[in-house]
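Examination of the molecular architecture
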Amino acid sequence: MLSSRWPLCTRPVAVSPHAKSPRAYWQGASGQAFHRDVHDGGTQVPLTDPALQRRKLRDQLRRLRESAGFTQRDVANEMEWSLSKLIRIESGRNGISITDLKALIAHYQVTDPDQVNRLVSMARAARERPWWDRYRDIANPAFLLSLGYEGAASIIRTFEPILVPGLLQTEEYAHEVLRLTTPPEQVEMRAELRFERQDRLLRPDGPQMHFILDENSITRVVGGPAVMRRQLKRLKELADHPQISLRVLPFTAGLYRHFRTSYVLFEFEDPEEDVVLFIERPNQDAIVREGVDWAEDDASARFLEAFFDIEQLARKDAAPALLESALSRISQVASADPDSAVTGDSD
């Protein structure tokens with residue numbers, strides 16, 4: 001279990017001046033549940049992206065219409081709507097009012113109370129403001145879309161060849177990375193976004209997360225020996241978290257598919273939902289593609305297959321030794337260079 005000396009969120013329990021709502025913090029692994037009261041202005045902020053709820057509702061309504069044997073024009077005529085209104089609802093470009101929704105599903109002869117309530121709840125959730133709305137000005141649309149998938153996923157698979165993934169970063173490490181990759185005026189807000197993602201995902205009912213890091217990610221010294229040592233110790237502890245599987249792909253594994261690409265795969269409880277692929281690129285911060293909508297054929301399936309392949313090369317039981325070896329190297333660097341001595345990090 002995780003040591004109570006090293007809570008999952010290794011930063012002071014304080015609210016950023018940019019934040020509009022209380023934040024959630026883990027209490028460590030003593031068995032005590034963490035406190036979580038995520039809200040904004042008195043309105044409960046949904047854990048999942050309302051845009052995802054709208055897309056799910058869109059798909060459900062289209063399937064119901066097709067199952068009932070109606071064309072879009074049939075339904076538009078019966079409901080006395082314009083055809084374009086129904087097309088916009090089924091494409092997800094427009095939302096739908098609760099009144100219109102109830103009338104529409106009644107036309108589709110949906111009478112099961114549970115199904116009706118589920119669709120109505122979906123429509124209500126689709127009208128909520130997403131939790132990440134306050135970060136809209138500092139992140140591109142593709143990345144914001146990925147946050148919705150991240151919040152809705154039941155399984156998240158992450159591969160990172162260069163750096164420690166953002167969801168596993170300590171505050172010090174994250175700030176070192178963000179200072180080099182982010183405009184100065186955005187560093188604090190982007191750091192806050194990163195840590196809020198950690199808070200939301202590392203909750204008791206959060207997704208299962210599988211991380212594969214190239215050995216390069218734990219060997220590259222970011223922020224100096226002291227910062228890197230604390231980051232490596234954090235990784236060792238997170239590797240024991242019940243929702244996290246952490247593997248390190250050793251240098252001896254050689255080259256493998258997509259070895260230069262950072263990517264994330266989102267999987268969902270609903271078997272009808274496709275796996276979603278999220279790719280980060282230096283010149284285009286984030287690209288999200290679903291199903292076959294990428295360069296060649298089914299990119300999501302290809303990357304998922306590649307992830308499973310490298311899982312075989314990165315044995316889970318080998319990760320602790322690789323992390324310990326990296327820690328040992330950091331200590332040697334500190335010993336050789338008095339100016340970079342590791343301080344404030346006793347065992």
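Put simply, the second largest pocket is a space of about 700 Å³. For the second largest pocket, the lining is made up of 28 residues, of which K56, A152, F268, D270 and E273 are closest to its centre. Elements with a minimum of two residues in the lining of the second largest pocket: α1 (50–68), α5 (113–126) and α6 (141–152). At 8 residues, the largest contribution of residues to the lining of the second largest pocket is made by α1. Here the lining of the second largest pocket is built from residues that sort into 8 nonpolar, 6 polar and 14 charged.

So, about the nonpolar core. Grouped together as the largest cluster of nonpolar side chains are 45 residues, with contacts concentrated most on I218, L232, L235 and F266. For this core, the element with the most residues is helix α12 (residues 319–336), which contributes 6 residues. Ignoring sequence-local partners within four residues, the contact set of I218 consists of L213, M228, L232, L235, V248, L322, L323 and A326.

Looking now at the environment of L144. Among the structural elements, L144 can be located in helix α6. When its relative accessible area of 4% is taken as the criterion, L144 is described as buried. Remark: the alpha-carbon pair of L144 and W132, spanning 12 residues in sequence, is separated by 7.5 Å.

Right, let's get into helix α4 (residues 98–107). Looking at α4, one finds that the buried residues are I98, L101, L104 and I105. Across the axial projection of α4, the buried residues extend over an arc of 125 degrees, all falling on one side. Elements in contact with the buried residues of α4: α1, α2 (72–79) and α5. Just past α4, the residue Q109 takes up positive phi, approximately 60 degrees.

Once that is clear, we can look at unusual backbone geometry. Notably, Q109 is not glycine yet its phi reads approximately 60 degrees, a positive angle. Relative to the assigned elements, Q109 resides in the loop between α4 and α5. Note on Q109: relative accessible area 67%, which makes it exposed.

The next thing to look at is the confidence of the model for the protein chain. This prediction gives the protein chain a mean pLDDT of 81; 78% of its residues lie at or above 70. The secondary-structure element of the protein chain with the lowest mean pLDDT is strand β1 (residues 39–40), recorded at 34, while strand β4 (residues 208–214) shows the highest, at 98. Counting contacts from residues 1–47, a segment whose pLDDT is below 50, to residues more than four positions away or on other chains yields 104 contacts. Ignoring residues within four places in sequence, the model shows residues 291–296, a span with pLDDT below 50, making 15 contacts including any to other chains.

Now for the packing of aromatic side chains. The full count for this structure, using the stated rule, is 9 aromatic pairs. For the ring pair F143 and F278, a centre distance of 6.1 Å and an interplane angle of 55 degrees mean the geometry is tilted. Of the two residues, F143 sits in helix α6 while F278 sits in strand β7 (residues 276–281), which places them 135 residues apart along the sequence. Grouping residues by exposure puts F143 and F278 together as buried.

Cut-offs applied
- Residues numbered from 1 in each chain as written.
- Predicted model: local features only at pLDDT ≥ 70, side-chain atom pairs only at ≥ 80, totals over all residues.
- Heavy atoms only, no water.
- 1 Å grid on protein atoms, 1.4 Å probe; cavity = no way out; pocket = protein on both sides within 12 Å on 5 of 7 lines; lining within 4 Å.
- Points joined across faces, edges and corners; volume = space filled by probe spheres on them.
- Helix = DSSP H or I, 4+ residues; strand = E, 2+ residues; numbered from the N terminus.
- Nonpolar A, V, L, I, M, F, W, Y, C, P; charged D, E, K, R; others polar.
- Core = buried A, V, L, I, M, F, W, Y, C linked by side-chain atoms within 4.5 Å.
- Buried < 20%, exposed > 50% of the residue type's maximum accessible area, 1.4 Å probe, protein only.
- Contact = heavy atoms within 4.5 Å.
- Arc of directions from axis to C-beta.
- pLDDT = per-residue confidence, 0-100.
- Phe/Tyr/Trp six-rings, centres within 6.5 Å; stacked < 30°, edge-to-face > 60°.

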